[in-house]
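Coordinates in review
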Amino acid sequence: MGITDELQQLRQRGVEAISAAPDLASLDAVRVEYLGKKGSLTAILRGLGGLSAEERPLVGRVSNEVRVALEEALAVRQADLAASALEARIGAETIDVTLPGRAHPVGSRHLIEQIRTEVIDIFLGLGYKIAEGPEVELDYYNFTALNTPPDHPARSLQDTFYVRDLSGEQADIEGESDVLLRTHTSPVQVRVMEKSEPPIYVLAPGKVYRRDIADPSHLPQFTQIEGLVVDEGITFGDLKGTLDHVCKAIFGPDRRTRFRPHFFPFTEPSAEVDVSCGICDGKGCRFCKGSGWLEILGCGMVDPNVFGYAGIDPERYSGFAFGMGVERIAALKYNIPDLRMLLEGDMRFLRQF
Ligand SMILES: [Zn+2]
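Report on the accompanying structure.

A word on the sheet that holds strand β5 (residues 221–231). Spatially, β1-β4-β5-β9-β8-β7-β6 is the arrangement adopted by the seven strands of the open sheet, whose pairing is mixed. This sheet does not close on itself; its edge strands, each paired only once, are β1 (129–130) and β6 (257–264). The pairing of strand β7 (residues 267–276) with strand β8 (residues 293–302) spans eight bridges and is antiparallel. Bridge pairing in β8 places T267 opposite V302. Strands in contact with helix α8 (residues 236–251) are β6, β7, β8 and β9 (318–325); relative to β8, the strand with the most contacts, it is inclined by about 150 degrees.

In structure tokens, the structure reads:
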């Protein structure tokens, strides 16, 4: 059998194999078998060198025809297979537009942030402005300018995180420094009074820090909302009326408030405010430990010494200040037995609010 016959047979076998290939992968295998570097046609072409000069042009031309024929057959079969593969995929992946969509859970603001915003909104409604101050604060603003002398218990290491340890240098108490994490939002009062003239009606919400071990009623970091009013003719009656209104706005119109004498270095007189227990309505129950009342905030008339530090004339102006813990309000409003639950990030708990 001559070499041209061999080539024609190869062409026929190749075309048959191509049209029989069931899928694109098999088709590629056929291509490699015939046209690849080690394929049948390539092997024949390599043998051309051994042919006589007369035979070579003919065999070369026929080989080329075979190659072109196989390539054309491959292209046609490939297009057919690709088209049917696409058709099969479209058939398999049809979208059922009547299926209900996948619901994504909707997030919400954390309870601490909800209460913070709620209280801010109440005071914005009364015409207060929002004030801010640094969380890393100077001793002067956190203590001294708030009439807290160096020997006051609130300055002890147990209560305050000091930032720089200047022991033996400027500190009055060992380990104490002039830079600290503010223990309350009250330093914002001083900063506001230094910068502005009365009338002053401001609310200062923010994080505060205490050297407390976290337990059901204490957190080393919590959120406080401070209020300050300075104007002519401000009395304790204004303070009582304002805070009674705020407590009713937070807890509900049926709740009552009472003011108990207390001591804070920066207010005189000072008081603690209780709100009537929402569970027993003042009769006494386990939640209010039998008293019928829940302690909610501290307040008082601004001490004239504080006005002195801030450069405000105590003969002309008077004012009141108050501070409340957002986490405590959240706990009282929603009967949360342990403040730590607010920070643990347990979604089963947080989703309730
Ligand atoms: Zn009660």
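Helix length check: α8, at 16 residues, gives a terminal C-alpha distance of 22 Å against a target of 22 Å (1.5 Å per residue), a fit within 8%. At its buried positions, α8 is contacted by α5 (111–125), β6, β7, β8, β9 and α10 (326–334). For α8, the N-terminal capping position is held by T235, with its side-chain oxygen 3.2 Å away from the main-chain nitrogen of G237. Following α8 by one or two positions, G252 adopts a phi angle in the positive range, close to 125 degrees.

Note that the residue after P198, namely P199, is joined by a cis bond; omega there is 5 degrees. Tracing the backbone shows P199 in the loop between α7 (187–195) and β4 (200–209). Of note, the bond from E268 into P269 is cis; its omega dihedral lies within 30 degrees of zero at -5 degrees. As for its position among the elements, P269 is in strand β7. You will see that N147, though not glycine, has its phi angle at about 60 degrees, which is positive.

Distances from the zinc ion to its protein donors, C277 (SG), C280 (SG), C285 (SG) and C288 (SG), fall at 2.2 to 2.3 Å. Classification of the site at the zinc ion as tetrahedral follows from its four donor atoms and the range of 105 to 116 degrees in their angles at the metal. The class for C280 is buried, based on a relative accessible area of 11%.

To continue, consider the side chain of S270. Topologically, S270 is positioned in strand β7. At 3.3 Å, the side chain of S270 forms a polar contact with the backbone nitrogen of F264. Once residues within four sequence positions are removed from consideration, S270 is found in contact with R260, P261, H262, F263, F264, C299 and G300.

Scanning all chains against the criterion turns up 10 aromatic pairs. With a centroid separation of 5.1 Å and 85 degrees between ring planes, the pair formed by Y140 and Y141 is classed as edge-to-face. Since its relative accessible area comes to 31%, Y140 is described here as partly exposed. By way of ring pairs, the aromatic residues F123, Y128, Y201, F320 and F322 are connected into one cluster. A cation over a ring is seen here: R191 above Y141, with NZ or CZ 4.0 Å from the ring centre.

Calculation notes
- Residues numbered from 1 in each chain as written.
- Predicted model: local features only at pLDDT ≥ 70, side-chain atom pairs only at ≥ 80, totals over all residues.
- Heavy atoms only, no water.
- Pairing = 2+ DSSP bridges.
- Helix = DSSP H or I, 4+ residues; strand = E, 2+ residues; numbered from the N terminus.
- Contact = heavy atoms within 4.5 Å.
- Axes fitted to C-alpha atoms, helices over the stretch in contact; angles between N-to-C directions.
- Expected span 1.5 Å × (residues − 1).
- Polar contact = N/O pair within 3.5 Å; in protein donor to acceptor, adjacent residues only side chain to side chain.
- Donors = N, O, S within 2.8 Å, 3.2 Å for Na, K, Ca; no water.
- Tetrahedral: all angles 85-135°; square planar, octahedral: opposite > 155°, others 65-115°.
- Buried < 20%, exposed > 50% of the residue type's maximum accessible area, 1.4 Å probe, protein only.
- Phe/Tyr/Trp six-rings, centres within 6.5 Å; stacked < 30°, edge-to-face > 60°.
- Lys NZ or Arg CZ within 6 Å of the ring centre and 35° of its normal.

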